[in-house]
Amino acid sequence: MSDHTVEHQIQYRDADNWARPVSRLTVSDVPSGAVNLNMCGHQVVGPLQGFGQIWLRTYRIRLGGVKVTPAEVVKDWKENLAKFQPPNNHFYPSLTGVKPGEVVFIDTRLPILPGLPGILPLAAGVMVLYADDEMFTVMTPEGHPLAGWITFSAHEEDGCTVAQVQGLCRPSDPIYEFGYRFMGGELAEDNTWFYVLESLAARWGAKGLVQFEKSLLDPNVQWSQWKNIWSNSAIRTTLYVLAAPLRWVRHLFKQRLASG
Amino acid sequence: MSKANVTVTVRKANDSISIVDIRGEISAFAENALMDAYTQATSAGASVIILNLSGLEYMNSSGIGLLVTLLIRANRQKQRLLTYGLSEHYQKIFELTRLNEAIGIYKTEAEALAEVRG
């Protein structure tokens, strides 16, 4: 039996859990309320394609006193992904849900000073890279503040289910790296995932403190990736917002022309 | 989620090249085995580490994250990381995650060694 024949007969257990390779993201159905500005036509990026320092950040919460399995937690998490987000973060999963290859649109605001609420508009999103019963991972596109992967999972530990968010990411371009280090980006990220895990725990009636660990895997920046600035979604979203009056005038003009 | 179901062994091709044979599953549970193997290869003086993934049976996204972490550690030590033996399925995963842009992928051990030796 040739190696080629054997290859086709092997059904890998993870075969259906991964998205298909894509050169550029395409979106067929945009959920109501989502802004499809910085997703279509963008490549997905991993931590190796970003600019800034690479961080491994792990947030976890024990769902103490609650009888729930990891699979039940993750199933509910996928179905209610948007509900666990803080008020200024709007997630719009595709109509198909959190499944490999699907996209999740994100509408949020970035901070300009540490500790202050975000005011810089950002329309972005992520692609679901991997999903199984106990975890799902999203991968960011070009232009997103972070280049990399964020994994949402649950597992059993000493008889208790633990929910976890883990990010393996680096800021995408020099502007995001500056914002991450000096304008509150890092703090905003931590606050988001603390909020998400506390919301998830509250949903199950569990109380617990979020434990947090971070590890700087690579303190060096990749200067070769400075060109990622051209895809910066925060800049593009800001320009889009500023151009809103022009689009309104153009729409009005078209209406007048159409009505004769 | 099952516990670690992976076997990782290290052998030397020569003084500067170590081959890490991985059989089984790469998930979060494989972290200790993988990192220990990397440490062993590095302690032996390897400037090139070749991952034999012909025995890879399962990998989830945590597993691909481990490979990226391994690559980052290797890069910081000015080491080169290559792989061989990836099935078509896992080559697609490498392409999807863009790991193929950073790690050399070869069909056989001989090809990987030939690339290193020039």
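Parameters at a glance
- Residues numbered from 1 in each chain as written.
- Chains lettered and ligands numbered in written order.
- Predicted model: local features only at pLDDT ≥ 70, side-chain atom pairs only at ≥ 80, totals over all residues.
- Helix = DSSP H or I, 4+ residues; strand = E, 2+ residues; numbered from the N terminus.
- Buried ≥ 20, exposed ≤ 12 C-beta atoms within 10 Å, placed from the backbone.
- Contact = placed C-beta atoms within 7 Å.
- Nonpolar A, V, L, I, M, F, W, Y, C, P; charged D, E, K, R; others polar.
- Pairing = 2+ DSSP bridges.
- Axes fitted to C-alpha atoms, helices over the stretch in contact; angles between N-to-C directions.
- Parallel < 35°, antiparallel > 145°, perpendicular 65-115°, else oblique.
- Left-handed = near helix turned anticlockwise from the far one by under 90°.
- Expected span 1.5 Å × (residues − 1).
- Arc of directions from axis to C-beta.
- pLDDT = per-residue confidence, 0-100.
- Right-handed = clockwise from strand over helix to strand, strands pointing away.
- Core = buried A, V, L, I, M, F, W, Y, C linked by C-beta atoms within 7 Å.

A. Region of interest: the overall build of chain B. Looking only at helices and strands, chain B has four helices and five strands in total. The secondary structure elements of chain B, listed N-terminal to C-terminal, are β-β-α-β-α-β-α-β-α. Principal-axis analysis of the C-alpha atoms places the extent of chain B at approximately 40 × 25 × 25 Å. Out of the 118 residues in chain B, the part that is buried amounts to 42%. In chain B, the proportion of contacts linking residues at least 24 apart, taken out of those at least 6 apart, comes to 72%.

B. Geometry of the environment of Glu109 of chain B. All names here are of chain B. Along the chain, Glu109 falls in helix α4 (residues 109-117). As for Glu109 and Arg11, which are separated by 98 residues in sequence, their C-alpha atoms are 12 Å apart. The residues touching Glu109, leaving out its near neighbours within four places in the chain, are Ile19, Asn52 and Tyr84.

C. The interface of chain B and chain A, seen in detail. Across the contact, 23 residues belong to chain B and 28 residues belong to chain A. Those elements that place two or more of their residues in the side of chain B that touches chain A are β3 (48-59), α2 (61-76) and α3 (88-96) of chain B. For the side of chain B that touches chain A, a count of residues per class yields nine nonpolar, eight polar and six charged.

D. Broad picture of the sheet that holds strand β5 (residues 104-106) of chain B. Residue and element names in this part refer to chain B. The five strands lie next to each other as β1-β2-β3-β4-β5, forming an open sheet whose pairing is mixed. Looking at the sheet topology across the chains shown, the edges are occupied by β1 (6-12) and β5. For this sheet, the mean inter-axis angle between neighbouring strands, taken without regard to orientation, is 25 degrees. Where strand β4 (residues 80-84) and β5 come together, three bridges link them in parallel fashion. By the bridge assignment for β5, Tyr84 is matched with Tyr106. Against the sheet, helix α1 (residues 31-43) engages β1, β2 (17-26) and β3, with an angle of about 5 degrees to β1. α4 rests against β2, β3, β4 and β5 of the sheet, and its axis sits at about 155 degrees to β4.

E. Representation of the packing of α1 of chain B against α2 of chain B in the model. All names here are of chain B. Two numbers describe how α1 lies on α2: the axes approach to 11 Å, and their chain directions differ by 20 degrees. In terms of orientation, α1 lies roughly parallel with respect to α2. Helix-helix and strand crossings are classified by hand; for α1 and α2 the assignment is right-handed. On α2, the residues that touch Glu31, Leu34 and Tyr38 of α1 are Leu66, Leu70 and Arg73. Looking at the contact of α1 with α2, its residues break down into four nonpolar, no polar and two charged.

F. Expanded view of α2 of chain B. With 16 residues, α2 of chain B should reach 22 Å at 1.5 Å per residue; the first-to-last C-alpha distance of 23 Å fits that figure. Burial within α2 of chain B is extensive, with 12 of its 16 residues counted as buried.

G. Molecular detail of helix α3 (residues 174-182) of chain A. Residue and element names in this part refer to chain A. When α3 is considered as a whole, its buried residues turn out to be Tyr176, Glu177, Gly179 and Tyr180. Seen end-on, α3 carries its buried residues on one side only, within an arc spanning 165 degrees. The elements touched by buried residues of α3 are β4 (103-110), β8 (160-171) and α4 (185-203). Looking one or two places after α3, you find Gly184, whose phi comes out positive at around 95 degrees.

H. Spatial organisation of the confidence of the model for chain A. Predicted confidence across chain A gives a mean pLDDT of 92, with 97% of residues reaching 70 or more. Across residues 1-5 of chain A the pLDDT falls below 50, and counting only partners more than four positions away or on other chains, this stretch makes one contact in the model.

I. Fine view of the pairing of β4 of chain A. Residue and element names in this part refer to chain A. Taken across its eight residues, β4 has six buried, putting it largely inside the fold. For β4 and strand β5 (residues 120-132), the ladder comprises eight bridges, and the chain directions are antiparallel. Looking at β5, one finds that Ile106 is bridged to Ala124.

J. Representation of the pairing of β4 of chain B within the structure. All names here are of chain B. When β3 meets β4, the two strands line up parallel, connected through five bridges. Across the sheet, Ile49 pairs through a bridge with Leu81, a residue of β4. This β-α-β element, β3 to α2 to β4, shows right-handed connectivity. Tracing the backbone out of β4, into α3 and back to the parallel element β5 gives a crossover that is right-handed.

K. View of the nonpolar core. In this structure, Val104, Met127, Val128, Val138 and Leu197 of chain A together with Ile49 of chain B are the most contacted members of the largest nonpolar core, which totals 94 residues. At nine residues, β5 of chain A tops the list of elements feeding residues into this core. Excluding residues within four positions of it along the chain, Ile49 of chain B makes contact with Ser18, Val20, Tyr38, Ala41, Ala74, Gln79 and Leu81 of chain B.

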